Amino acid sequence: MLHINRQRSENILQIYFMFLCVTQTAMLRLITSLSFICLMMAISSMAQGPPVLDTDGNPLTRGVEYYVDPAITDVAGGLTLVARNGSCPSYVGQVPIGPGSVEGLPVIFTPSNPGDTIITETTEFTVAFSASSTCVQNTTWGIGEEDPETRRRFIVIGGEPTVFDIDSDQAVGPYTIGWCPACLNPPLCGRPRCGLAGILEQNGTRFLTLDGPAFPFRFRRAKRPWQGL
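Computed from a prediction, not measured in an experiment: that's the story for all the values here.

Looking only at helices and strands, one finds two helices and 13 strands in the protein. Across the 229 residues in the protein, those meeting the buried criterion constitute 33%. Taking contacts inside the protein between residues at least 6 apart in sequence as the whole, the part at least 24 apart equals 54%. When the accessible area of the protein is evaluated, it comes to approximately 14,200 Å², of which 59% is carbon and sulfur surface.

Have a look at this one:
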């Protein structure tokens, strides 16, 4: 009888130690998996870059309307649509300083990745005016013709939508808007002609163009009447 009880106790101890080993192994696997997930999330967060902030300190968000204002005061107003050489106003430009409103037109940023909601400094996106145009139905920004004298390329609406990005040299703005052509086969593309958005003034009109000195901008969330100040 004593022998049977001892054998039973040994079996119970063996089962208990086996249970401990299995539990510890499972816990180690769980900890390893969680550590790997945390590491991947940290790497992904670093790869995405810091969020682009509006003037209220909030990240720029997909589908929200913003005014693109100059970070330099008393120079010009926000971005809007302007005409060139008597053409229909299909060029992106700045509202001139004057007695009227210098607010410009609101824009909407749409990340190229459908899963992205926040605009970061590495996010590629399209941008469109949240307004109607008398010239074209599509108000998405694109790259237009090159000015023969300055060799600067105009940013226009109504053409092929173009992917832009936003960058900053400081912790919190001001920001620059950039563009670089897509290349599916880098060895065949050569050196891409990338550019930062700046301002070109012609006959009193300020155009948003590429290939010149970068112009600093800030982004102000558009307020609707029912939203208050």
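Okay, the environment of Asn85 next. Position of Asn85 relative to the elements: it lies in the loop between strand 2 (79-82) and strand 3 (91-94). Separated by 117 residues in the primary sequence, Asn85 and Gln202 have C-alpha atoms spaced 9.8 Å apart.

Low pLDDT means the predicted atomic positions in that stretch should not be read closely. Per-residue confidence for the protein gives a mean pLDDT of 80, with 72% of residues at or over 70. Counting interchain partners and residues more than four positions distant, the pLDDT-below-50 stretch residues 30-46 has zero contacts.

Phe109, Trp141, Ile166 and Leu208 are the most contacted members of the largest nonpolar core, which totals 30 residues. Grouped together as the second largest cluster of nonpolar side chains are six residues, Val82, Tyr91, Val156 and Phe207 included.

In terms of burial, strand 1 (residues 65-70) is largely enclosed, as six of its six residues are buried. Covered by surrounding structure in strand 1 are Glu65, Tyr67 and Asp69 together with Tyr66, Val68 and Pro70, the residues of both alternating faces. Here strand 1 pairs with strand 4 (residues 107-111) via two bridges, running antiparallel. Across the sheet, residue Glu65 finds its bridge partner in strand 4, namely Ile108.

Summed over the entire model, instances satisfying the criterion amount to one disulfide. Through a disulfide, Cys180 is tied to Cys194; the S-S separation comes to 1.7 Å. Of this pair, Cys180 sits in the loop between strand 9 (175-179) and helix 2 (186-189) while Cys194 sits in the loop between helix 2 and strand 10 (195-196), and the two are 14 residues apart along the sequence. Here Cys180 falls in the partly exposed class, since its relative accessible area comes to 36%.

Within the fold, Asp69 resides in strand 1. A distance of 2.7 Å separates the side chain of Asp69 from the side chain of Arg220, its partner in a polar contact. With residues near it in sequence (within four places) discarded, Asp69 still touches Gly78, Glu103, Pro216, Phe217, Arg218 and Arg220.

Basis of the calculations
Residues numbered from 1 in each chain as written. Predicted model: local features only at pLDDT ≥ 70, side-chain atom pairs only at ≥ 80, totals over all residues. Heavy atoms only, no water. Helix = DSSP H or I, 4+ residues; strand = E, 2+ residues; numbered from the N terminus. Buried < 20%, exposed > 50% of the residue type's maximum accessible area, 1.4 Å probe, protein only. Contact = heavy atoms within 4.5 Å. Areas by Shrake-Rupley, 256 points an atom, 1.4 Å probe, with all protein chains shown as cover. pLDDT = per-residue confidence, 0-100. Core = buried A, V, L, I, M, F, W, Y, C linked by side-chain atoms within 4.5 Å. Pairing = 2+ DSSP bridges. Disulfide = S-S within 2.5 Å. Polar contact = N/O pair within 3.5 Å; in protein donor to acceptor, adjacent residues only side chain to side chain.

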